[in-house]
Amino acid sequence: MPATTPDGLIAPHGGTLVNRVADNADALKKEAEGLRRIDLSAKQSCDLEMIGIGAFSPLTGFMGKADFESVCTSMKLASGDIWPIPILLAVDSSDAPSVGDRVALYAPNGVLQAVMTIEETFAHDKKLEIPNVFRTEDEAHPGVAQVMKEGDLCLAGPVDVVTVCVDPDGPEAFLDHRLTPAQPRQAFKDKGWKTISAFQTRNPIHRAHEYLCKCAQEITDGILIHPLVGETKEGDIPAAVRMECYNILIENYFHPNHTMLSVMPAAMRYAGPREAVLHALIRKNYGISHFIVGRDHAGVGNYYGTYDAQEIFNELDSDNLGIEPLKFEHAAWSHKAQGMVSGKTFPKLEGDQVFLSGTKVRDMLGKGERPPAEFTRPEVADALIKWATS
């Protein structure tokens, strides 16, 4: 049985929900004026926010060498807790700060985001990280390409976050839905929910996604629809458009007493199986007990098998993982059944099922073509067509 908190919710990963958001922000801003400046990439800025709010618990800062090597080789932190992907602050080694220094970390838009104490520096071993995390060294893979562009020296140490949301007026801020892990936990407690499922997405929710969410709702007290709004790859539908689609769908087709919407400000790695585990652990920190893992979770191109992201959970210590993965097969609309079906619920008949990949739908939208009702709700199709043709 997974560990629980006194209010009956699943315990955070590592046992304690981290909070690295400083309560002395003004003093830190003044201190930062005299510190060496480090400009973060979009991915590093997202990671910093996730550390600060506790979404990456038990991490209190960017990883050191022991954690980095252990994560790459065994999917565990040096403490023994499961962790699948390195969280690093990699910089150019020329004129790098020294151990013991305090540095100021600035977001890509120039906003001071945090102050960090450097406890360790170590070489960024990309030859260790890339094949282990991504299962490929192909630089066409967006996650591999991202790591290859990063610096060759890693800075490790705790962070004190000054600014949580560095662009509160930006199109992906969504301040009303940008909740720290502690906030959904309180909401779940207030609602009396003990078991909560979560759905991760970086695309608009189509009929198959809706089917998975509602199956999960049948076995838990409620569901958190938790889209990723941090850095994604070129070609993904903008977060603002996706959020409009989520709100339309929830308002019209979900029960408000058993549904919540929040956003996750993480950066995508497109690391397939390992990223599915990371997404599960993040949701555990948000108080989620059951995590939906569908077809090709966090995948890209043809780098991962259809159900690799489900199978990786079979390799993990379920007690330490804590959260329960909900493994769903591919679902699609069946003309004969007049509804959503999967390989477990209905036989596959030639020409019967409507299946459109996210890529196919984006191609359709690019041509001004409306996705069919068997793929997505008409109100969602309206919003997507409006965006695609504007």
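Residues numbered from 1 in each chain as written. Predicted model: local features only at pLDDT ≥ 70, side-chain atom pairs only at ≥ 80, totals over all residues. Heavy atoms only, no water.

**Student:** Explanation requested: helix 3 (residues 65-74) in the structure shown.
**Tutor:** Residues spaced three or four apart along an α-helix point in a common direction, a consequence of the helix completing one turn every 3.6 residues. Of all the positions in helix 3, only F68, S70, V71 and C72 are classed as buried. Those residues of helix 3 that are buried lie in contact with strand 6 (120-123), helix 4 (126-134) and helix 9 (273-285). With its phi angle positive at about 60 degrees, M75 sits one or two positions after the end of helix 3. (Buried < 20%, exposed > 50% of the residue type's maximum accessible area, 1.4 Å probe, protein only. Helix = DSSP H or I, 4+ residues; strand = E, 2+ residues; numbered from the N terminus. Contact = heavy atoms within 4.5 Å.)

**Student:** What should I look at first to understand the sheet that holds strand 15 (residues 353-354) in this one?
**Tutor:** Paired through backbone hydrogen bonds, the strands of a sheet run either parallel or antiparallel to each other. One open sheet accounts for 3 strands, arranged 14-13-15; its pairing is antiparallel. Bordering the open sheet on either side are strand 14 (339-342) and strand 15, each of which pairs with just one other strand. Across 2 bridges, strand 13 (residues 331-334) lies against strand 15 in antiparallel orientation. If you follow S334 over to strand 15, its bridge partner there is Q353. (Pairing = 2+ DSSP bridges.)

**Student:** Quick question: what am I supposed to make of the sheet that holds strand 9 (residues 222-227) here?
**Tutor:** Across the sheet, which stays open at both edges, the 5 strands sit in the order 10-9-8-11-12 with parallel pairing between neighbours. A single partner strand is all that each edge strand has here, and the edge strands are strand 10 (259-261) and strand 12 (324-327). For this sheet, the mean inter-axis angle between neighbouring strands, taken without regard to orientation, is 25 degrees. Across 3 bridges, the pairing between strand 9 and strand 10 is parallel. Along strand 10, the bridge assignment pairs L224 with M260. (Axes fitted to C-alpha atoms, helices over the stretch in contact; angles between N-to-C directions.)

**Student:** Hey, could you run me through the pattern of salt bridges in this one?
**Tutor:** A side chain with one charge may pair with a side chain of the opposite charge, provided their charged atoms come close. Considering all chains together, one arrives at 11 salt bridges under this definition. A salt bridge links D47 to R269; the nearest nitrogen and oxygen atoms lie 2.7 Å apart. Placement of D47 in helix 2 (residues 42-53) and of R269 in the loop between strand 10 and helix 9 is noted, with a sequence separation of 222 residues between them. Judged on exposure class, the residue D47 and its partner R269 are both buried. Close ionic contact of D160 with R102 constitutes a salt bridge, the shortest N to O distance being 3.7 Å. Note that D160 is positioned in strand 7 (residues 153-161) and R102 in strand 4 (residues 102-106), a separation of 58 residues in sequence. Residue D160 is classed as partly exposed on the basis of its relative accessible area of 21%. For R102, a relative accessible area of 26% corresponds to the partly exposed category. (Salt bridge = Lys/Arg side-chain N within 4 Å of Asp/Glu carboxyl O.)

**Student:** For this particular structure, what's the right way to read the pairing of strand 4?
**Tutor:** It is a general feature of regular strands that their side chains alternate between the two faces of the sheet. In terms of burial, strand 4 is a largely internal element, 4 of the 5 residues being buried. Sheet topology places strand 1 (residues 36-39) next to strand 4; 4 bridges connect them, and they run parallel. Of the residues in strand 4, the one forming a bridge with I38 is L105. As consecutive antiparallel partners, strand 4 and strand 5 (residues 112-117) are separated by 5 residues, and within that stretch G110 has a phi angle of approximately 90 degrees, a positive value.

**Student:** How do you make sense of the state of the cysteines when you look at a structure like this?
**Tutor:** In a disulfide, the sulfur atoms of two cysteines are covalently bonded to one another. One pass over the full model with this rule turns up 0 disulfides. In this structure C46 is not part of a disulfide, and its nearest cysteine sulfur, from C165, lies 10 Å away. No disulfide involves C245; its sulfur sits 14 Å from the nearest other cysteine sulfur, which is in C213. (Disulfide = S-S within 2.5 Å.)

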